[in-house]
Amino acid sequence: MIYFDNAATTKPSEAVLSLFQRYSESFFANSSSRHALGREANKCLEEARNSILSDFRLTKTHKLVFLSGATEANNLAIKGICEQYKNRGKKIITSAVEHPSVLNVFRRMEQNGFEVVYLPVNEEGKVEPCVLEEAMDKNTILVSIMGINNETGTINDIHSLANIVHRFPKAFFHVDITQAIGKISLPYEEIDLFSFSGHKIHGLKGTGALLFRKNITLSPQNIGGDQEFGFRSGTVDMAGSCCLAQAVHLAKNNRQKNLETVQILSSYLREALKENKEIVINSPSDATPYILNFSFLHKKASVITEALSHEGIYVSSVSACHSKGEPVSYVLLAMGLGKERASNSMRISLSSMNELEEAKIFIAKLNDIIERTIDR
Ligand code: PMP
């Protein structure tokens, strides 16, 4: 098996899996229970919270709410700010290439009476700071822009974007760092709220968090027993949260080493793909090496993905999150690459668990499949 779909999800690490078993067995009590076992579970939970805050170097300025993943974190950040601060202004800004868990929440806010701006991106998929600057005004209460795009690996200049947002005192800056965590360094202290999932960094599915400045109040989206400071009611997944802390810690400590491993594979793949006349690369040259997106000029991407899958090679054609809907990439369309390219793209996404030998097998199989696949 060759698994090149790590932007969709990663394999949980051994360290995470064994920690989950240990914590689930030893500290299974409800972390809200007042007895000694409950207090022990709560202690583990608070240690996990502090560990993540300290890995981000944000113990003094930010707080953390454990959630089920980036989708929930994006929902809480956007709806939570809009509902809480709606009297300050009605304008909210995002980009045209955000993940559906941001874009569709903005669409909902638009139905609820907010004025929404969907910023265009340039041909590399980046939000240009001057474009954000032009859209900002004193009624803007929220800007949400992703760190790294999940389809193309495009990296946004978060520092410059944050600088612009902070010139407007009523506006909060939210960043979806789901594909960026463990991959690039970001100026976290300049970001008001950020979201991520554990399963993209060899943690567990159903785990994630939202970090936000201590002075921010969010209108809670889950109302109940007031867990997680009242921002997200419901019994906390203590073992999952500890696994999240472990995954974040490993991702942070191994960032450089992992990057070096993935860079070698990515450079090999990019060069080899460029040699095939049927392929055109969509990811900009300065994208994260973890994600490589390209289109087929004459073949159908879905047919090739399926043929690779038959060979035990797993890649993605159009982001897994919306592959059941319209198979045209709105991200590639927004980059101005045209409908043909946007309907026939493939995404390879790597992890440090991949090896160069796998990349070589992949290229050989892909070239072979392209040759025997009829034109669309
Ligand atoms: N944001 C981005 C950029 C993503 O890539 C994903 C996962 N594809 C999400 C948010 C949502 O993550 P989850 O499905 O874990 O909630």
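Just above, that's the structure.
Bear in mind that the values here come from a model prediction, so they are computed numbers and not experimental data.

Criteria and cut-off values
- Residues numbered from 1 in each chain as written.
- Predicted model: local features only at pLDDT ≥ 70, side-chain atom pairs only at ≥ 80, totals over all residues.
- Heavy atoms only, no water.
- Axes fitted to C-alpha atoms, helices over the stretch in contact; angles between N-to-C directions.
- Helix = DSSP H or I, 4+ residues; strand = E, 2+ residues; numbered from the N terminus.
- Parallel < 35°, antiparallel > 145°, perpendicular 65-115°, else oblique.
- Left-handed = near helix turned anticlockwise from the far one by under 90°.
- Contact = heavy atoms within 4.5 Å.
- Phe/Tyr/Trp six-rings, centres within 6.5 Å; stacked < 30°, edge-to-face > 60°.
- Buried < 20%, exposed > 50% of the residue type's maximum accessible area, 1.4 Å probe, protein only.
- Near = heavy atom within 4 Å.
- Polar contact = N/O pair within 3.5 Å; in protein donor to acceptor, adjacent residues only side chain to side chain.
- Areas by Shrake-Rupley, 256 points an atom, 1.4 Å probe, with all protein chains shown as cover.
- Nonpolar A, V, L, I, M, F, W, Y, C, P; charged D, E, K, R; others polar.
- Expected span 1.5 Å × (residues − 1).
- Arc of directions from axis to C-beta.
- Pairing = 2+ DSSP bridges.
- Disulfide = S-S within 2.5 Å.
- Core = buried A, V, L, I, M, F, W, Y, C linked by side-chain atoms within 4.5 Å.
- Domains from an automatic or database assignment.

Looking at this structure, I do not really get the packing of helix α1 (residues 14-26) against helix α7 (residues 238-253). What am I missing?
Packed helix pairs are specified by the crossing angle of their axes together with the interaxial distance, meaning the distance between the axes. The geometry of α1 relative to α7 is characterised by a closest axis approach of 9 Å and an angle of 150° between their N-to-C directions. Taken together, the axes of α1 and α7 are roughly antiparallel relative to one another. Here the hand of the crossing between α1 and α7 comes out right-handed. Facing α1, whose interface residues are A15, V16, L19, F20, Y23 and S24, α7 presents M238, A239, G240, C242, C243, Q246, A247 and L250.

Explain the packing of aromatic side chains here, please?
Applying the stated criterion to the full structure yields nine aromatic pairs. Each ring, one from F4 and one from F362, has its centre 5.5 Å from the other, and the planes form 65°; the classification is edge-to-face. One end of the pair, F4, is in the loop between β1 (2-3) and α1; the other, F362, is in helix α12 (residues 356-372), with 358 residues separating them in the sequence. No difference in accessibility class separates F4 from F362, as the two residues are buried. Ring plane angle 65° and centroid distance 5.0 Å describe the contact between F56 and F194, whose orientation is recorded as edge-to-face. With F56 in the loop between α2 (36-55) and β2 (62-67) and F194 in strand β7 (residues 193-197), this residue pair connects regions lying 138 residues apart in the sequence. For the pair shown, F56 and F194 are each scored as buried.

Before we go on, may I ask you to explain the site of the ligand in this structure?
The environment of the ligand is formed by 14 residues, the closest being T71, D176, S197, H199 and K200. Between the ligand and T178 there is a distance of 3.5 Å, counted from a nitrogen atom to a side-chain nitrogen or oxygen. A distance of 2.8 Å separates an oxygen atom of the ligand from a polar side-chain atom of Q179. Considered on its own, the ligand offers 400 Å² of accessible surface; in the complex 89% of this is hidden by protein. The greatest single-element share of the shell around the ligand, amounting to three residues, is contributed by helix α3 (residues 70-84). Per-class residue counts for the shell around the ligand are three nonpolar, nine polar and two charged.

Sorry, what's going on with α12 here?
Each full turn of the α-helix corresponds to 3.6 residues, which orients residues three or four apart in the same direction. Over its 17 residues, α12 runs 25 Å from end to end, which matches the ideal 24 Å to within 8%, given 1.5 Å per residue. By the burial criterion, the buried members of α12 are E358, A359, F362, I363, L366, I369 and I370. The buried residues of α12 all sit within an arc of 140° when viewed along its axis, so they share a single face. Turned more than 90 degrees away from the buried face of α12 sit E371 and R372, all of them exposed.

How should I be thinking about the side chain of T140 in this particular structure?
Along the chain, T140 turns up in strand β5 (residues 140-144). In contact with T140, other than residues within four places in its own chain, are K91, I93, A135, K170 and A171.

Is there a simple way to explain the sheet that holds strand β4 (residues 115-119) in this structure?
Strand pairing in a sheet relies on backbone hydrogen bonds, with the paired strands running either antiparallel or parallel. Ordered in space as β2-β8-β7-β6-β5-β3-β4, the seven strands form an open sheet in which the pairing is mixed. Both edges of this open sheet fall to β2 and β4, since each of them pairs with a single strand only. Each adjacent strand pair in this sheet contributes to an overall mean axis angle of 15°, direction not counted. Strand direction decides the pairing type here: strand β3 (residues 91-95) and β5, joined by four bridges, are parallel. The partner of I93 across the bridge, within β5, is V143. Along the sheet face, helix α6 (residues 158-165) touches β5 and β6 (172-176) and points at about 155° away from the line of β6. Across the sheet, α7 touches β2, β7 and β8 (208-213), and the angle it forms with β7 is around 100°.

For this particular structure, what's the right way to read the state of the cysteines?
Throughout this description, disulfide means a covalent bond between two cysteine sulfur atoms. This model, assessed by the stated rule, comprises zero disulfides. Looking at the unpaired C242, the closest cysteine sulfur is the one in C44, lying at 5.3 Å. For C242, a relative accessible area of 7% translates into the label buried. Of the cysteine sulfurs around C243, a residue in no disulfide, the closest is that of C242, at 7.0 Å.

Where do I start with the sheet that holds strand β9 (residues 279-281) in this structure?
Strands sit in the order β9-β10-β12 across an open sheet of three strands; the sheet is antiparallel. Because the sheet does not close on itself, it has two edges, and the strands there are β9 and β12 (345-349). If you compare each strand with its neighbour and ignore which way they point, the axes differ by 30° on average. Examined bridge by bridge, strand β10 (residues 291-296) and β12 share five bridges and lie antiparallel to one another. Within the sheet, the bridge partner assigned to S295 lies in β12 and is S345.

I would appreciate a short explanation of the nonpolar core in the present structure.
Among soluble globular proteins, nonpolar side chains are generally buried collectively. Grouped together as the largest cluster of nonpolar side chains are 63 residues, with contacts concentrated most on F56, I177, F194 and F196. With nine residues, α7 is the largest single contributor of residues to this core. When residues of this core are assigned to domains, at least three fall in each of domain 1 (2-9 + 254-372) and domain 2 (14-253). Excluding residues that lie within four positions of it along the chain, F194 makes contacts with F56, L58, H62, H174, V175, I177, Y188, A209, L210 and L211. Membership of the second largest hydrophobic core comes to 30 residues, among which are L265, L273, I313 and A359.

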